[in-house]
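Here's the letter readout for the chains.
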Amino acid sequence: MSWGLAALCLLLLHAGALGFGILPGKSLSHLEITESAILNVTVEVCRALAKAEGTNFDPPPYTDGAVAVACGASKSSKSFRRAMTFIILRNVRVDLRHALNASFHFDEEMFLQGRKIIAVGLQAVKASNKQENFEAAREKVGEILHPLQDFYSHTNWVELGNKLPNPNLLRSDTSIGNIADESRATCRNCVGDDCRNNILDDVIEQQILTSGYFGIVPITSTKPKGKCSHGGAVDQTSTIEPTGGINKDTFDASHGHLHTTAANMAIAATSQLLEDVRRAAGDKQFLQMVGISKGSSKALCFVVDTTKSMSDDIAAVREVTASIIDSEVGTDNEPAVYILVPFNDPDVGPLIKTTDPKIFKSVIDILSPTGGGDDEELSLSGLQLALSSAPSNSEIFLFTDAPAKDKQLKNTVIALMERTQSVVNFMISGSTVVNRFRRSDQTQIRISESDAQVYRELAQVSGGFVIEVTKSELPAATSIVTESSSPSLVTLLYAARSPGKTETFSFIVDETITSLTVYMTGSSIAFTVTSPTGESQSSDSSGSLISSSRLVGNFRTLQLNKQAGLWEINMVSTHPYTVKVIGQSPIDFLFDFVVPSQGPFSGYDVLETRPHVGVNGSLLVSLSGSDTATVTEVDLIDSSDSEVTTGTVEPQGNGHFLVHFVRMPSVEFGVRVKGRDDGSTSSGSSIVFQRQSSISLRASNMTISADTNSILVPGTPFPVPFTVMTNGAGGNFTIRATNSRSFESTSPTSLILETGNSANGTVTLSAPRRTLSGTDVTLTIEAEAPGGGDTNYVVLRLTVINPITDFIQPACQLINLQSNCSENCSAAMWDLRVRVTDGAQGTGVDRVSLKRGTGKLTTSPAAGNENITMVSYISSCCSPDVELLVVDRVGNDDVCFFTSREGSQSAQSESTRVTQSTLLCLSIVVLGLHVLTQLSI
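Quick look at the structure, then. (Residues numbered from 1 in each chain as written. Predicted model: local features only at pLDDT ≥ 70, side-chain atom pairs only at ≥ 80, totals over all residues. Heavy atoms only, no water.)

## What to know about the overall build of the protein
Step number 1: Helix and strand content of the protein: 17 helices and 45 strands.
Step number 2: For the protein, the proportion of its 937 residues judged to be buried stands at 57%.
Step number 3: Taking contacts inside the protein between residues at least 6 apart in sequence as the whole, the part at least 24 apart equals 72%. (Helix = DSSP H or I, 4+ residues; strand = E, 2+ residues; numbered from the N terminus. Buried < 20%, exposed > 50% of the residue type's maximum accessible area, 1.4 Å probe, protein only. Contact = heavy atoms within 4.5 Å.)

Set out below in structure tokens:
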């Protein structure tokens, strides 16, 4: 494991008082523990899939890029890194936002409370994965991994002599162990700095579980008589008898001599939890949760107006969908997920989200235009639902010929665009965007400029286009959908000007770029393209720079003949226009704004709102697609006139960079990264590259914050407290709270704020009682300053979970096993019949699949009993063993083993033998020891 990982963790959390230590050279961190486990389990999943497909699998180096390649998903490198980083940051965030909540760290003998966080969170992860809400699953995985890992550092589990993780941390219906009574003494004073023997002998002998108390305020920090402390310089309880502590966070900690054991136990436990998630979800769904897809990591997302005048548009959507599915299924460009949101007025949805292209194609095929009669539709409501459900960094296409009826959602949609960094393209059909026909009687009307401007503003924020075409031109314009489905597209330049003006834009093309393309929208545009050699070609002339040019409506596409170096494009128009330069390359970047922690410990937390205007700010940039690339410059570019604010770059290692800006701009801006790669070309020479975010961001004089439990129970009011503060002018601030599922909610409509002061409010949500477990809902809370000149928001992703009472694994019962095997195994077959049941009180069998075996598996529900599934299996005698993975509807699982070997025809449940997950835990302990050894050298 490289020291870059430790450095990044040091960036995110400077004080490791409540987690594994992070100082380089002294410990394994939460970051390294989590990444090691994710990489290891992902490798095991890809190994199993390769074996099932009969293909070779070569164990890769343990980096995100190498693992993605080994999994046959090289174009998932960026999304894999994004998913891992997201999980890790949510893990580290626990120390920043819940530093003094003992339940999140298993401190102060909060065993049942800590286990509840893990067990309930794990239920939410499984339910989210079942509904293919993978981002919600990642968020909760990161949160519950922190207390899981802390258990092995903060309790005496290791001191009790345990060699394997505690499996009962994952389920709330079992005993976590023999927990110390509140009045029972557990520790004695350390002898000076030596705390090796400070846990009482009877506690060890009787296998009593305890953990340390922790406090940072000298006057108020206390603990019950005779109890252990966490320990360390920050912990004020460690000076109260019994003195010292028992944490194993670092080698220098009170029980630092056991850090290696505790850290590797945490790696094993993390892997065990991920294995549990894997079995419940299935291998392919688990890979999608961690950002790996055999095809593209992108979503194909359509938001479609379904009123009567849209028949031509729906036919175009149907045509482009069929083209993409027919040509790209099974290739590197196959979308990872397909999303459809129909809308009209008054209806929006239902949202269709599937990983099965056949299902999506059939849904598109039956989509038909109905209704209408007025001039406006709920286009922004449809877009809000799509942005809330699509993966981050998606490209969304909205088809309509009508203005938005729900313009009040514009700021909500902008907030979701900024948070998800998704691109939205508006395909506006009709005569022109401002000259169309009334739907009811086909009399010609004109859409106001303000109606058209709503779409233009939203497109500009997201880095997309408003493509204005006639109905007959629409099929040709949809080519952008096909071109945008490539997973390796990168943006070299994006600019929008409204009103238009003459301006020259520059962009760098590096040797890794292929398919160099320019997109433009606007009317009456003249342009000149200049190559690195100085050769120019204008819009009204021929030349060798532009290999092809297409113009459909207001949308122009140029295919450039690639030359590496600095290009320029001069735009001349007084009308609004956009210009975007894209290409395909493995090298790209991710970014998040980060802010110093407001809690008791210093560190950086990912900012989920707009950064603060006019003061310093920090950006965390991560490169993907190359292990040898480095960032040399990061700029914030004014979206209206290209003015640049340049940051100071601090390398953190392993492709991560912290960028500091002295003053955040007061105008809308984009992020541009320049860098160098010394190892991406076959010649070994360095290349210089430039990448730009499509999304436009803005800073605010306000801050708005909300932090709540993300699990919402149907039928139960769910309060979300929030706080708004302003450094701008005070007054009456407008408050809006919207959610993506239209759940019933209440919230204040305004708050009175004074400059420099804050005010509090609460949004209360209620999910209908019959809402499915795993349904995710995105809650957006906005604050708007008096006059509307400044806004900010906070976006929360919540998961609906019905209370779970089924903790029993489904069971296998052997009905019949017949074998006619002989020495010539290829000439004979064996078969068996099995009954799988989830018990009388169970939720029902969800699926039965092959975990090991090459035969044919057939399943069918038992007549009249949904809790029973009948299984038939037939196989060649050359494959005498089979393992069946059985999973119920809430994710409880078991593995049943059967064999046809002579003299040992038997069935065995995973729960009655040494499980593969246990063996995996053992292997990961060895891996962790190897990692730690490498770090210590």
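Next comes the rest of the description.
## Considering the sheet that holds strand 37 (residues 791-800)
Step number 1: Spatially, the five strands line up as an open sheet ordered 30-37-36-32-34, and their pairing is mixed. One side of each edge strand has no neighbouring strand; the edge strands of this open sheet are strand 30 (711-712) and strand 34 (750-753). (Pairing = 2+ DSSP bridges.)

## Observations concerning the state of the cysteines
Step number 1: Per the counting criterion, the structure on display carries six disulfides.
Step number 2: One disulfide in the model links Cys 187 with Cys 228; its S-S distance is 1.9 Å. Negative torsions about the S-S bond denote left-handed disulfides, and the value of about 90° found for Cys 187 with Cys 228 makes this one right-handed. Of the two residues, Cys 187 is situated in the loop between strand 1 (178-179) and helix 7 (201-205) and Cys 228 in the loop between strand 2 (208-209) and helix 8 (259-281); the sequence distance between them amounts to 41 residues.
Step number 3: Looking at the protein, its bonded cysteines, counted consecutively from the start of the sequence, adopt the pairing 1-2, 3-6, 4-5, 7-12, 8-10, 9-11. (Disulfide = S-S within 2.5 Å.)

## A few points about the pattern of salt bridges
Step number 1: Summed over all chains, the structure comprises 38 salt bridges.
Step number 2: The shortest N-O distance in the salt bridge between Lys 130 and Asp 846 comes to 3.3 Å. Taken as a pair, Lys 130 in helix 5 (residues 111-130) and Asp 846 in strand 40 (residues 845-852) lie far apart in primary sequence, 716 residues in all.
Step number 3: For Lys 130, a relative accessible area of 43% puts it in the partly exposed group. (Salt bridge = Lys/Arg side-chain N within 4 Å of Asp/Glu carboxyl O.)

## Some details on unusual backbone geometry
Step number 1: Glu 241 connects to Pro 242 through a cis peptide bond whose omega is -5°.
Step number 2: Checked against the element boundaries, Pro 242 lands in the loop between strand 2 and helix 8.
Step number 3: Looking along the chain, the bond that leaves Ser 498 and enters Pro 499 is cis, with omega of 5°.
Step number 4: Relative to the assigned elements, Pro 499 resides in the loop between strand 11 (489-497) and strand 12 (503-509).

## Some words on the packing of aromatic side chains
For any pair of aromatic rings, the description consists of the separation of the ring centres together with the inter-plane angle of the planes.
Step number 1: Tallied over the entire structure, the rule returns 17 aromatic pairs.
Step number 2: With a centroid separation of 4.9 Å and 80° between ring planes, the pair formed by Phe 151 and Tyr 152 is classed as edge-to-face. Like Phe 151, the residue Tyr 152 is buried in the burial classification.
Step number 3: Measuring from centroid to centroid gives 5.5 Å for Tyr 519 and Phe 555, while their planes differ by 40°, and the two rings are tilted. One end of the pair, Tyr 519, is in strand 13 (residues 514-522); the other, Phe 555, is in strand 17 (residues 555-560), and 36 residues separate them in sequence.
Step number 4: Members of the aromatic cluster, joined through ring pairs, are Phe 106, Phe 111, Phe 151, Tyr 152 and Trp 157.
Step number 5: For the cation-ring pair, Arg 90 lies above Phe 86, with the distance from its terminal atom to the ring centre recorded as 4.0 Å. (Phe/Tyr/Trp six-rings, centres within 6.5 Å; stacked < 30°, edge-to-face > 60°. Lys NZ or Arg CZ within 6 Å of the ring centre and 35° of its normal.)

## Thoughts on the packing of helix 2 (residues 30-53) against helix 6 (residues 134-154)
Step number 1: For the pair helix 2 and helix 6, interaxial distance at closest approach is 11 Å and the crossing angle is 105°. The orientation of helix 2 relative to helix 6 falls into the category roughly perpendicular. Residues His 30, Ile 33 and Thr 34 of helix 2 lie in contact with helix 6, whose contacting residues are Leu 145, His 146, Gln 149 and Asp 150.
Step number 2: Looking at the contact of helix 2 with helix 6, its residues break down into two nonpolar, four polar and one charged. (Axes fitted to C-alpha atoms, helices over the stretch in contact; angles between N-to-C directions. Parallel < 35°, antiparallel > 145°, perpendicular 65-115°, else oblique. Nonpolar A, V, L, I, M, F, W, Y, C, P; charged D, E, K, R; others polar.)

## Observations concerning the nonpolar core
The tendency in soluble globular proteins is for nonpolar side chains to be buried as a group.
Step number 1: Counting 59 residues, the largest nonpolar core has Leu 383, Met 417, Phe 426, Leu 619, Val 621, Val 634 and Val 671 as the members making the most contacts within it.
Step number 2: Counting residues in each nonpolar core, the second largest holds 54 residues, with Ile 38, Cys 71, Ile 176 and Ala 269 among its members. (Core = buried A, V, L, I, M, F, W, Y, C linked by side-chain atoms within 4.5 Å.)

## Comments concerning the sheet that holds strand 26 (residues 656-661)
Sheet strands associate in pairs through backbone hydrogen bonding, adopting either a parallel or an antiparallel arrangement.
Step number 1: Judged by pairing direction, the sheet is antiparallel, and its five strands sit side by side in the order 21-20-22-26-25 without closing on themselves. At either end of the open sheet lies a strand with only one pairing partner, and these are strand 21 (604-606) and strand 25 (648-653). With direction set aside, neighbouring strand axes in the sheet form an average angle of 35°.
Step number 2: Of the pairings in the sheet, the one linking strand 25 to strand 26 comprises five bridges and is antiparallel in character. Looking at the pairing, Gly 653 lines up with His 656 of strand 26.
Step number 3: Here helix 4 (residues 77-97) sits on the sheet in contact with strand 20 (588-596), strand 21, strand 22 (617-624) and strand 26, set at roughly 125° to strand 21.

## Notes on helix 5
Each α-helix turn comprises 3.6 residues. Residues three or four places apart therefore point the same way.
Step number 1: With 20 residues, helix 5 ought to run about 28 Å at 1.5 Å a step, and its terminal C-alpha atoms sit 29 Å apart, in line with that.
Step number 2: Taking burial as the measure, the 20 residues of helix 5 include 15 buried ones, the bulk of the element. (Expected span 1.5 Å × (residues − 1).)

## Some thoughts on the environment of Ala 452
Step number 1: Turning to its location among the elements, Ala 452 is positioned in helix 14 (residues 449-462).
Step number 2: Separated by 50 residues in sequence, Ala 452 and Ala 402 place their C-alpha atoms 9.4 Å apart.

## So, the environment of Cys 187
Step number 1: Owing to a relative accessible area of 8%, Cys 187 belongs among the buried residues under this scheme.
Step number 2: Separated by 14 residues in the primary sequence, Cys 187 and Asp 201 place their C-alpha atoms 8.9 Å from one another.
Step number 3: In this structure, Cys 187 is in contact with Asn 198, Ile 199, Leu 200, Gly 226, Lys 227, Cys 228, Pro 242 and Ile 246, ignoring residues within four places of it in sequence.

## Brief notes about the pairing of strand 42 (residues 865-876)
Step number 1: Summarising the sheet, strand 39 (residues 829-837) and strand 42 pair through nine bridges and their orientation is antiparallel. If you follow Leu 832 over to strand 42, its bridge partner there is Tyr 873.
Step number 2: Between the antiparallel neighbours strand 41 (residues 856-862) and strand 42 lie two residues, among them Gly 864 with a positive phi of about 80°.

## Observations concerning the pairing of strand 35 (residues 758-766)
Step number 1: In strand 35, alternate side chains face the same way, and those of Ala 759, Gly 761, Val 763 and Leu 765 are buried while those of Ser 758, Asn 760, Thr 762, Thr 764 and Ser 766 on the opposite face are not.
Step number 2: Relative to strand 35, strand 31 (residues 718-726) runs antiparallel, the two being bridged by eight bridges. Following the sheet pairing, Met 725 is matched in strand 35 by Ser 758.
Step number 3: Note that strand 33 (residues 744-746) and strand 35 share three bridges and pair antiparallel. For Glu 744, the partnering residue across the bridge sits in strand 35 and is Ser 766.

## A look at the packing of helix 4 against helix 6
Step number 1: Between helix 4 and helix 6, the least distance of the axes is 7 Å, while the angle of their chain directions is 45°. In terms of orientation, helix 4 lies oblique with respect to helix 6. The two elements helix 4 and helix 6 cross, and the hand of that crossing is right-handed. In contact with Ala 83, Phe 86, Ile 87, Arg 90, Asn 91, Val 94 and Asp 95 of helix 4, helix 6 contributes Glu 135, Arg 138, Glu 139, Val 141, Gly 142, Glu 143, Leu 145, His 146 and Gln 149.
Step number 2: When its residues are assigned to classes, the contact of helix 4 with helix 6 shows six nonpolar, four polar and six charged. (Left-handed = near helix turned anticlockwise from the far one by under 90°.)

## Side note on the environment of Glu 473
Step number 1: Within the secondary structure layout, Glu 473 lies in the loop between strand 10 (466-469) and helix 15 (474-477).
Step number 2: For the pair Glu 473 and Ala 316, spaced 157 residues apart in sequence, the C-alpha to C-alpha distance is 9.9 Å.
Step number 3: Non-local contacts of Glu 473, meaning those with residues more than four positions away in its chain, are made with Val 552 and Gly 553.
Step number 4: Polar side-chain contacts of Glu 473 include one of 3.0 Å to the backbone nitrogen of Thr 470. (Polar contact = N/O pair within 3.5 Å; in protein donor to acceptor, adjacent residues only side chain to side chain.)

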